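What follows is the residue order along each chain.
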Amino acid sequence: MPVDEMSEERSALGRSLLERKALASDWAPSFAAVPRAQFLPEVIWPYEMVTGNSATVDRREDPAAWAGYADSDVPIVTQWDDGTSDEPGGTATSSASMPSVVFRMLDDLAVMPGHRVLEIGTGTGWNAALLAHRLGKDSVVSIEVDPVVAAEARARLARADLPIVVLTRDGAEGDPSGGPYDRIIATAGVRRIPPAWIDQTVPGGLIVAPWGTHYGHQDAIVRLEVAADGATASGRFRRPAEFMKLREQRLEFAGHHAYAPEGLGDADRSTTDVTEADLLGGDQFAACRFAVGLRVRDCHHRAAERRDGARPVWFYSLSDSSWSCVMFREGKEQAHVWQSGPRRLWDEVAAALQWWHEQERPGHERFGLTATVEGAQRVWLDEPTNSWAV
C-alpha cells in the first residue's frame, strides 16, 4: 500500500519520515504494510515531547486520540514498573519507540535478503514485525524478558500473520542455540555490550544498540561490526537516543540520602567558573553530557529543577560514597561547589569538560566503541587507536 493510500494521519507521518530521511525508501513498504497501531494495547501513555509528561489514553474512551497518537512520531509507554502499576509517574519499563527512531535504527542495520536477525527487546512486537515483513518470518527471532509482554507480542504478531519466534529470556544471553546471526538489534539501552551478542554474530555482521554510561539515562545508537576473528566488535556512534534499559543492566543507585543524608554538611567548598550551559548543554542529549560520561567512570549525575534562581547539580560515585554538588545561581559568574569523599568528583567532571573543549567539542558521531567477547570495552575519539577503558 503506497503511503498516499493510507489514512490521512498515517500518510502524513509517512511523508514526514521520508522528508526528514528517517524512513529510507526500502523500508517504506514495511511502514505501509505494518501499522504501529496493530501492536499497541488498548491503554497507552504517549510521551508529550514538550511538557515531558505521559498522558493516559484509552482507546475505548477516546478512539480518535488513541489513533492520532498511534500515527504520530512520539514514544508511547505501554508498561510501568515491570507491570506492577497501571499509573504513569513510576518507571517506564516497556514502550513503542518513536517511528523515526525505529526506522533510523533499522536503516543502520543494513539488512539484506537472506540475513537472519536477532532482536533484543520484543516490546509490543512492532519492530520485529517490520523486520519479518522485510526479511520473512523465518528470518527473525526476538527475545523478551517479561513473560506477559512476550505473550502479548506473540499474539499480536500472529494476528498480523507474522508469527516469528519470540523467546522469553534474558536478552543479555542472546540465543546461543539459534546463532550465529547476521545482525543483532537491541531495542533496550545497555551500558555494556553483552559478550554473547558478539559471539553470536557472524564475522562481518553488525550489532546495532543504544549504548550509554550511568552518568545519565541517555543513550547513543552505536553500530558495531564484528571482526574477522569474531573476538571483537567495533564501530562509531550514530546519534543520541533514549531507551528503557536492559533489566540486567539497570542503574543500581542507592539514592541521594545514601550519600548526603544531612545535606551539604562539612563537605569541602570551592567555586568554579564553569557555567550551567557548559555543564548541561542545550538539552539532555547534549554532546557535552555524553562526553563527560565517557571520561568520568562510575559516576551518576542529576540536575534538579531551578528554584528561586538556583539550580543544584549532584554527582554520585558508583564505586564508593563520594559525592559532589555544584550550585548555579542566576546572575552569578561563579558557582559554588561542594565535594565529599575520596573522589573529587567535581574535579573529574571539570577536567572532562576541559578535555571536551580542547578536542573542539566533538559530537556523538566522532566517538566510537570497541567491545570484546571477554567483556572489555573501550571508547575512542576519531580512531580506535585513541581509546580509553570504560
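Quick caveat: nothing in here was measured; it's all calculated off a predicted structure.

A.B. asks: Sorry if this is basic, but what is going on with the sheet that holds strand S2 (residues 57-58) here?
C.D. replies: Neighbouring strands of a sheet are bound in pairs by backbone hydrogen bonds; such pairs are parallel or else antiparallel. Strand order in the open sheet formed by 4 strands is S2-S1-S3-S4, with antiparallel pairing between adjacent strands. A strand with exactly one partner marks an edge of an open sheet, and here the two such strands are S2 and strand S4 (92-96). With 4 bridges connecting them, strand S3 (residues 76-80) and S4 associate as antiparallel partners. Each bridged residue has a counterpart across the sheet, and for valine 77 the counterpart in S4 is serine 95.

A.B. asks: It is not clear to me how the sheet that holds strand S10 (residues 219-226) should be interpreted in this structure. Could you clarify?
C.D. replies: Taken in spatial order, the 10 strands line up as S7-S6-S5-S8-S9-S10-S11-S17-S18-S19 in an open sheet, and their pairing is mixed. Two strands in the sheet have a free side with no partner beyond their single neighbour: strand S7 (165-168) and strand S19 (387-389). Going from strand to strand, the sheet's axes swing by 20° on average, the running direction of each strand aside. Judged from the 4 bridges that link them, strand S5 (residues 117-120) and strand S6 (residues 140-144) form a sheet pairing that is parallel. Looking across to S6, one finds that glutamate 119 is bridged to serine 142.

A.B. asks: Just checking my understanding: could you explain unusual backbone geometry for this structure?
C.D. replies: Peptide bonds are mostly trans, and most non-glycine residues show a negative phi. Note the cis peptide between glycine 179 and proline 180, where omega equals 0°. Looking at where proline 180 falls in the secondary structure, it is placed in the loop between S7 and strand S8 (181-186). The residue aspartate 308 is not glycine, and still its phi comes out positive at about 50°. By secondary structure assignment, the location of aspartate 308 is in the loop between strand S13 (299-303) and strand S14 (310-317).

A.B. asks: Please explain the nonpolar core as it appears in this structure.
C.D. replies: Within soluble globular proteins, side chains that are nonpolar generally end up buried alongside one another. With 56 residues, the main nonpolar core has Trp211, Leu279 and Phe315 as its most contacted residues. Top contributing element to this core by residue count: helix H10 (residues 345-358), with 7 residues. Beyond its immediate sequence surroundings of up to four residues, phenylalanine 315 is in contact with Tyr215, Leu279, Cys299, His300, His301, Ser322, Trp323, Ser324, Val326, Leu345, Trp346 and Val349. Within the second largest apolar cluster, 34 residues are counted, among which are Leu17, Ala22, Ala28 and Val140.

A.B. asks: How do you make sense of the pairing of strand S11 (residues 232-241) when you look at a structure like this?
C.D. replies: Walk down a regular strand and you will see the side chains alternate between the two sheet faces. Direction of pairing for S10 relative to S11: antiparallel, over a ladder of 6 bridges. What sits directly across from valine 222, in S11, is phenylalanine 237. Between S10 and S11, which follow one another and run antiparallel, lie 5 residues, and glycine 230 among them has a positive phi close to 70°.

A.B. asks: What am I meant to see in the packing of helix H9 (residues 287-295) against H10 here?
C.D. replies: Helix-helix packing: each pair is described by the crossing angle between the helix axes and the interaxial distance. Their axes nearest at 9 Å, the elements H9 and H10 cross at an angle of 120°. As judged from the angle between their axes, H9 and H10 are oblique. In this structure, the crossing between H9 and H10 has a hand that is right-handed. For the pair H9 and H10, the contacting residues are Ala287, Cys288, Ala291, Val292 and Arg295 in the first and Val349, Ala352, Leu353, Trp355 and Trp356 in the second. For the contact of H9 with H10, a count of residues per class yields 9 nonpolar, no polar and 1 charged.

A.B. asks: So what exactly am I meant to see when it comes to the packing of aromatic side chains here?
C.D. replies: Tallied over the full model, the rule gives 14 aromatic pairs. Pairing phenylalanine 237 with phenylalanine 290 gives two aromatic rings, centres 5.2 Å apart and planes at 80°, and the pair type is edge-to-face. One end of the pair, phenylalanine 237, is in strand S11; the other, phenylalanine 290, is in helix H9, and 53 residues separate them in sequence. No difference in accessibility class separates phenylalanine 237 from phenylalanine 290, as the two residues are buried. Its guanidinium or amino end placed over the ring of phenylalanine 31, arginine 10 lies 4.8 Å from that ring's centre, counting from NZ or CZ. Residue placement shows arginine 134 over the ring face of tryptophan 27; its charged tip is 4.7 Å from the ring centre.

Rules used in this analysis
- Residues numbered from 1 in each chain as written.
- Predicted model: local features only at pLDDT ≥ 70, side-chain atom pairs only at ≥ 80, totals over all residues.
- Heavy atoms only, no water.
- Pairing = 2+ DSSP bridges.
- Helix = DSSP H or I, 4+ residues; strand = E, 2+ residues; numbered from the N terminus.
- Axes fitted to C-alpha atoms, helices over the stretch in contact; angles between N-to-C directions.
- Core = buried A, V, L, I, M, F, W, Y, C linked by side-chain atoms within 4.5 Å.
- Buried < 20%, exposed > 50% of the residue type's maximum accessible area, 1.4 Å probe, protein only.
- Contact = heavy atoms within 4.5 Å.
- Parallel < 35°, antiparallel > 145°, perpendicular 65-115°, else oblique.
- Left-handed = near helix turned anticlockwise from the far one by under 90°.
- Nonpolar A, V, L, I, M, F, W, Y, C, P; charged D, E, K, R; others polar.
- Phe/Tyr/Trp six-rings, centres within 6.5 Å; stacked < 30°, edge-to-face > 60°.
- Lys NZ or Arg CZ within 6 Å of the ring centre and 35° of its normal.

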